[in-house]
Amino acid sequence: MPPSSTVEDFRRVLRDSKNIIAIVGAGLSAASGIPTWRDSGGVWKSYDPSTIATPTAFATNPSLVWQHYHAMRERALKATPNPAHFALALLCIPSFLSTVAPAAKFTLVTQNIDGLSVRALDITTAQHANGSGNLASESEISRLYEMHGRVLDTLCTSCGHREYNPADPLCPALAASDLGSSEGQIPVEELPHCLQCGGLLRPGVVWFEELPHHSREIWEVVDAADVCLLIGTSSKVQPAAAYAYEIADRGGKVAVFNKERSEGDEERDFLFLGPCEETLHKFSLALGQTTCKVSIRTDILQDAECIRRRPPYLVHLRSVVRRHDKPQARN
Ligand SMILES: [Zn+2]
C-alpha cells in the first residue's frame, strides 16, 4: 500500500502514540540559508567532504579545515531558524504536545550542526514561559540531541575542553584568509588555540571516522519509539534509515517529510512532500490550531542577534537529560 499523505490519518497515529522520535537532516535548514556541502558553491564544492571532515584531514592540513569551518560558522551565525524549526520546537513544549499526542514523549534528534533547532527551542520555550518571563521548567521540555555536534563549538585537541564560542572570527588570521581560495595557508600558531592550555583547537563537530554524540541515548529512544518522523533527510541515509527500519520492524509508524521523493519512501506509512518549512508549518497549524493557543511568533526573530550571542539552552538541557536518564552514562 502506498504511503498516506492524509493529515487526519497521521493525526490519529500521533494521538495514540507513546514515544515519538523526530530525526532531522539538512533539508530542515535549507530555508535558513544553510547549504548542503554539495550546494555550498565556490572552491569547497570541489572538495569531497571525506577529505576535509575527518581527523586525518585536520592532522594533515588544519588550515584548510579551519578555513572551511570558518565559512560554515559565518553562515550559521547569520542564519535564523525557519518555520520548520519552530514547528518541531512546538512539539517539544508539553502544552502543545499534549494536544497532539496526549500520552506521548517527544525526542528530537538532529544531524545538523548549525544549532538552529536549539535556538528555535530556546525562543519557543521563552515565549511560552507561563507568562512569568522565565523559561519553562527544563524537566518538562522534550529532549533534543545534536548528534553531530555544533559548528559554533570548539574542542581542544590537547585537553579536550569543549565550549560554545560564537566569536567571529575566532582569530584574526581566519578573517584575513582568502575564503574563496584553498591556497592561503595559515601557520598553525595563528589558528585558534585553547585559552585553558594553549593547545590547538578544532571545530566541535563529529567528523567521518568519529562516533556520533549520544548514540546510546538515541538508540534507547529508538527502541522505545512507536512513531518516527524523518524530516529533511533521505530515508536511505544512515543513521536515519537504521532508526526508521528498527521502529518499522517493531510495527511502529514512519512518516517522511522531505522536499523530494527518495528511494525507500514507498515503504513508509506516511509521505509529505514539499519544502519542510512549508509542510511542517502547515502540519503544525493543522494539528494544533483548533486545540491549542500556542502560536509561532516569528517577530521575536528581530531579537535574534542577542539570542545568537549567548550560549544556547541546550547547555542546560544536556545536564537535565543526564540527570533524568539514569543509569545512562554518556558513551
Ligand atoms: Zn586545552
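Residues numbered from 1 in each chain as written. Predicted model: local features only at pLDDT ≥ 70, side-chain atom pairs only at ≥ 80, totals over all residues.

As recorded in an unreviewed UniProt entry, the protein goes by NAD-dependent protein deacylase and comes from Grifola frondosa. Of the comments in the UniProt record for the protein, the one headed Subcellular location (unreviewed entry) reads "Mitochondrion". The UniProt entry for the protein carries the following text under Sequence similarities (unreviewed entry): "Belongs to the sirtuin family. Class I subfamily." (UniProt positions renumbered as here; feature names shortened; annotations may be inferred.)

Counting residues in each nonpolar core, the largest one holds 57 residues, and the members touching the most others are Ile20, Ala22, Ile23, Cys228 and Ile231. Apart from residues no more than four positions distant in its own chain, Ala22 is found in contact with Leu88, Leu108, Val109, Leu229 and Ile231. (Core = buried A, V, L, I, M, F, W, Y, C linked by C-beta atoms within 7 Å. Buried ≥ 20, exposed ≤ 12 C-beta atoms within 10 Å, placed from the backbone. Contact = placed C-beta atoms within 7 Å.)

So, on to helix 9 (residues 240–249). Listing the buried residues of helix 9 in full gives Ala240, Tyr243, Ala244 and Ile247. End-on view of helix 9: buried residues confined to an arc of 95°, all on one side of the axis. With respect to the buried face of helix 9, the exposed residues turned more than 90 degrees away are Ala242 and Asp249. For helix 9, the elements touching its buried residues are strand 1 (19–24), helix 8 (215–224), strand 7 (227–231) and strand 8 (253–258). Where helix 9 ends, the next residue or the one after it, Gly251, has phi of about 95°, a positive value. (Helix = DSSP H or I, 4+ residues; strand = E, 2+ residues; numbered from the N terminus. Arc of directions from axis to C-beta.)

Read across the open sheet, the three strands follow the order 5-4-6; overall the sheet is antiparallel. Whereas interior strands pair on both sides, the edge strands pair on one side only; in this sheet they are strand 5 (162–164) and strand 6 (201–205). Strand-to-strand twist across the sheet, computed as the mean angle between neighbouring axes with direction ignored, equals 40°. One ladder, built from three bridges, connects strand 4 (residues 149–156) with strand 5; its direction is antiparallel. Pairing of Asp153 across the sheet is with Tyr164, part of strand 5. Here helix 3 (residues 62–78) sits on the sheet and contacts strand 4 and strand 6; the angle it forms with strand 4, its principal contact strand, is near 135°. (Pairing = 2+ DSSP bridges. Axes fitted to C-alpha atoms, helices over the stretch in contact; angles between N-to-C directions.)

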